[in-house]
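# A structural walkthrough
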Amino acid sequence: MNEKLKVLVYGTGFAGQGHTEAFRDADATVVGMVGRNEVVVRQVTEELGIPYASTDWQQALADCQPDIVSIATPGGAHVEPIKHAIARGCHIFCDKPLTESGTSAQEIYHLSRDKGVKTAFAASF
């Protein structure tokens, strides 16, 4: 029997909560969530039954050891967390936009290709 894929969600708002439900519907296990505000991330993880809450992105990557990272932060804040996750060998699922420029998109492409991980982005409608 295959183990479920482990997902770490970065973002506590509408997108992060939606990504959580979508991954659960796809039979993955959401192992943790990261947010900017400690009170908010603890409240959301409690409501959603997520076992790990943090405001420290890099520590959460180390603690949770996810297979997939779901980035659900505001658009301008995607590139650095994506790079951190790829460096740890995580597949990426990111709310739009994946990056803010063609240059950073190419960098993400090369990093993910070299590390052997997949990237995808979510877009409404």
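Residues numbered from 1 in each chain as written. Predicted model: local features only at pLDDT ≥ 70, side-chain atom pairs only at ≥ 80, totals over all residues. Heavy atoms only, no water.

Attention now goes to unusual backbone geometry. Note the cis peptide between Lys 96 and Pro 97, where omega equals -15°. With respect to the element layout, Pro 97 can be found in the loop between strand S5 (91–95) and helix H5 (102–115). Backbone geometry at Gln 65 places phi at a positive 50°, although glycine is not the residue there. Looking at the element boundaries, Gln 65 is found in the loop between helix H3 (57–64) and strand S4 (68–71). (Helix = DSSP H or I, 4+ residues; strand = E, 2+ residues; numbered from the N terminus.)

Another aspect to go through is the sheet that holds strand S1 (residues 6–10). Taken in spatial order, the 6 strands line up as S3-S2-S1-S4-S5-S6 in an open sheet, and their pairing is parallel. The open sheet has two edge strands, strand S3 (53–54) and strand S6 (119–122), and neither has a second partner. Bridging between S4 and S5 involves 4 bridges; their strand directions are parallel. Within S5, the position partnered with Ile 68 by the bridge is His 91. This element, helix H1 (residues 14–25), spans S1, strand S2 (29–34), S4, S5 and S6 of the sheet and lies at about 165° to S2. The strands that H3 touches are S1, S2, S3 and S4; relative to S1, the one it contacts most, it runs at about 170°. (Pairing = 2+ DSSP bridges. Contact = heavy atoms within 4.5 Å. Axes fitted to C-alpha atoms, helices over the stretch in contact; angles between N-to-C directions.)

The values reported here are purely geometric and, on their own, carry no functional implication.
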